[in-house]
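For reference, the chains in residue letters:
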Amino acid sequence: KDHFTTAIKNLRNIMAYSSSLFPSPFFSTDSSLFEVEVTRDEFHSFHKIDRDLFTRLVFVLKRDMNQSSQVIAFLLVVEELGFARNLVAYLVSSPDILIDAVASEVGVCISILYNQDYSSFFLLNHNNNDEVVIPFLKGLTDSNLTLSYINQYRETILVGVTKNLNDVCNRAFDDIYEKGYKEQLLALERATVIEEMKKIRLGAPQQTLTRLSVQHQTPSWWNVQQQIPPVDEKAKAAVKETKRVDNKDDEEEVTPADDRTVFLTFSKGYPISESEVRVHFTRKFGEVIEAIVMQEVQENEQPLFARMVLKMEYASKIEEIVTPMNKNKFTIDGKHVLVRKFFAAPSSSHV
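We now turn to the structure provided with this report. (Residues numbered from 1 in each chain as written. Predicted model: local features only at pLDDT ≥ 70, side-chain atom pairs only at ≥ 80, totals over all residues. Heavy atoms only, no water.)

Moving on to the side chain of arginine 56. Position of arginine 56 among the secondary structure elements: in helix 3 (residues 48-60). Other than its neighbours up to four places away in sequence, arginine 56 contacts Leu61, Leu91, Val92, Ser94, Pro95, Asp96 and Ile99. (Helix = DSSP H or I, 4+ residues; strand = E, 2+ residues; numbered from the N terminus. Contact = heavy atoms within 4.5 Å.)

Quick look at the structure:
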């Protein structure tokens, strides 16, 4: 508490001394004392590190743009309060796995700030266990930033986050927002087209073509005996052997649906739609999805799992998705999704 109180006092002193240079992130200043025109390019340049981190969150880690803005705004508050100097710069130079972990921890902190009921429920059930809930944030701030601090001073911190969103993020990331929204729109349109194609495909009878089935589709007017001259027994045997090998190859190429199915588990309280799943995995692995079967639930309930069937030609991609450990974790719009290979029960039918 002493550290937090000192941080607030220091911030007030700095504001009083240098209000003519920069506006405080928490308290309003008299802007009529000075007017400095800062161009858009200059503002972007000043916040280059913040822009770099935001870009990685959105385009590399595929996190939700609005949540990523809140992450940056919260990290700036942490810097401004003196809990960790140059925190954003440190994260920019860090690997993606650390950035993703810190962003997820900030997501918990943001939920505490915006939802008092969630704050009380969360803290009660986790007993302020910072080592489990926010281990990276605690380490980066030398154990000074804790869930208790965030909960106790949530209104003050929330003011700082809101101000940073309005004064920094909305201005510094405006062009990145535009690019991100365009990509999201294209991805959603693409997913919609795929869904429509799937409906058309499922609505019409389908037949898998093989070399053998094509032979049976020969038009009735084509008289095979008239068009093909007689062949000797050796040639007939060779043709027969070729057909046998071809049919064997066709059989080997068929991979059962269960063997190319991924089982996805979602976190309760963080609903994910089929379109979000399809867009994420299509972006990451290409057009590999044949079908997604979500858990059947009531209209007001959230699916907690789904099965994702890969196309026959991309069956080998399953190893890349679930890794050799047969488990993996993805983040879709800031929500965690656990994946593993699907194993059907002996009595269950194929997807």
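Moving on: helix 4 (residues 65-80). Compared with the 22 Å implied by 1.5 Å per residue over 16 residues, the 23 Å span of helix 4 between its first and last C-alpha is a close match. Helix 4 sits mainly inside the fold: twelve of its 16 residues count as buried. Of all the positions in helix 4, only Met65, Ser68, Ser69, Val71, Ile72, Ala73, Phe74, Leu75, Leu76, Val77, Val78 and Glu79 are classed as buried. Measuring from the backbone nitrogen of asparagine 66 back to the side-chain oxygen at the start of helix 4 gives 3.1 Å, which picks out aspartate 64 as the cap. Once helix 4 ends, the next one or two residues include glycine 82, with phi positive near 85°. (Expected span 1.5 Å × (residues − 1). Buried < 20%, exposed > 50% of the residue type's maximum accessible area, 1.4 Å probe, protein only. Polar contact = N/O pair within 3.5 Å; in protein donor to acceptor, adjacent residues only side chain to side chain.)

Below, the discussion takes up the environment of isoleucine 176. Position of isoleucine 176 relative to the elements: it lies in helix 12 (residues 174-203). On a C-alpha basis, the gap between isoleucine 176 and valine 58 in space is 9.1 Å, while along the polypeptide they are 118 residues apart. With residues up to four places along the chain from it excluded, the contact list for isoleucine 176 reads Arg51, Phe54, Thr55, Phe59 and Met65.

A separate point is the packing of aromatic side chains. Scanning all chains against the criterion turns up ten aromatic pairs. Considering the side-chain rings of phenylalanine 281 and phenylalanine 285, the 6.1 Å spacing of their centres and the 15° angle between planes classify their relative orientation as stacked. Of this pair, phenylalanine 281 and phenylalanine 285 both sit in helix 16 (residues 274-285), four residues apart, which is roughly one turn of the helix. Of the two residues examined, phenylalanine 281 and phenylalanine 285, each falls in the buried class. Relative to phenylalanine 330, the ring of phenylalanine 285 lies with its centre 6.1 Å away and its plane at 80°, an arrangement referred to as edge-to-face. Of this pair, phenylalanine 285 sits in helix 16 while phenylalanine 330 sits in strand 4 (residues 328-332), placing them 45 residues apart in sequence. When sorted by exposure, phenylalanine 285 lands in the same class as phenylalanine 330, which is buried. Through successive ring pairs, a cluster of aromatic residues spans Phe54, Phe173 and Tyr177. (Phe/Tyr/Trp six-rings, centres within 6.5 Å; stacked < 30°, edge-to-face > 60°.)

Moving on, we come to unusual backbone geometry. One non-glycine residue, lysine 62, adopts positive backbone phi at about 60°. The phi dihedral of serine 143 is positive, around 65°, even though this residue is not glycine.

What follows is about helix 3. With 13 residues, helix 3 extends 17 Å from end C-alpha to end C-alpha; this agrees with the ideal 18 Å at 1.5 Å per step. Listing the buried residues of helix 3 in full gives Asp50, Arg51, Leu53, Phe54, Arg56, Leu57, Val58 and Phe59. Of the residues one or two after helix 3, lysine 62 is the one with positive phi, at around 60°.

As defined by bridge partners, strand 1 (residues 261-266) adjoins strand 3 (residues 305-310) across five bridges and the pair is classed as antiparallel. In the sheet register, threonine 261 faces strand 3, and the bridge partner there is valine 309. (Pairing = 2+ DSSP bridges.)

Overall, the coordinates contain 13 salt bridges when judged by the stated rule. In this structure, arginine 51 engages aspartate 175 in a salt bridge whose closest nitrogen and oxygen atoms are separated by 2.8 Å. Highlighted residues: arginine 51 in helix 3 and aspartate 175 in helix 12, separated in sequence by 124 residues. Under the relative-accessibility criterion, arginine 51 is labelled buried at 15%. (Salt bridge = Lys/Arg side-chain N within 4 Å of Asp/Glu carboxyl O.)

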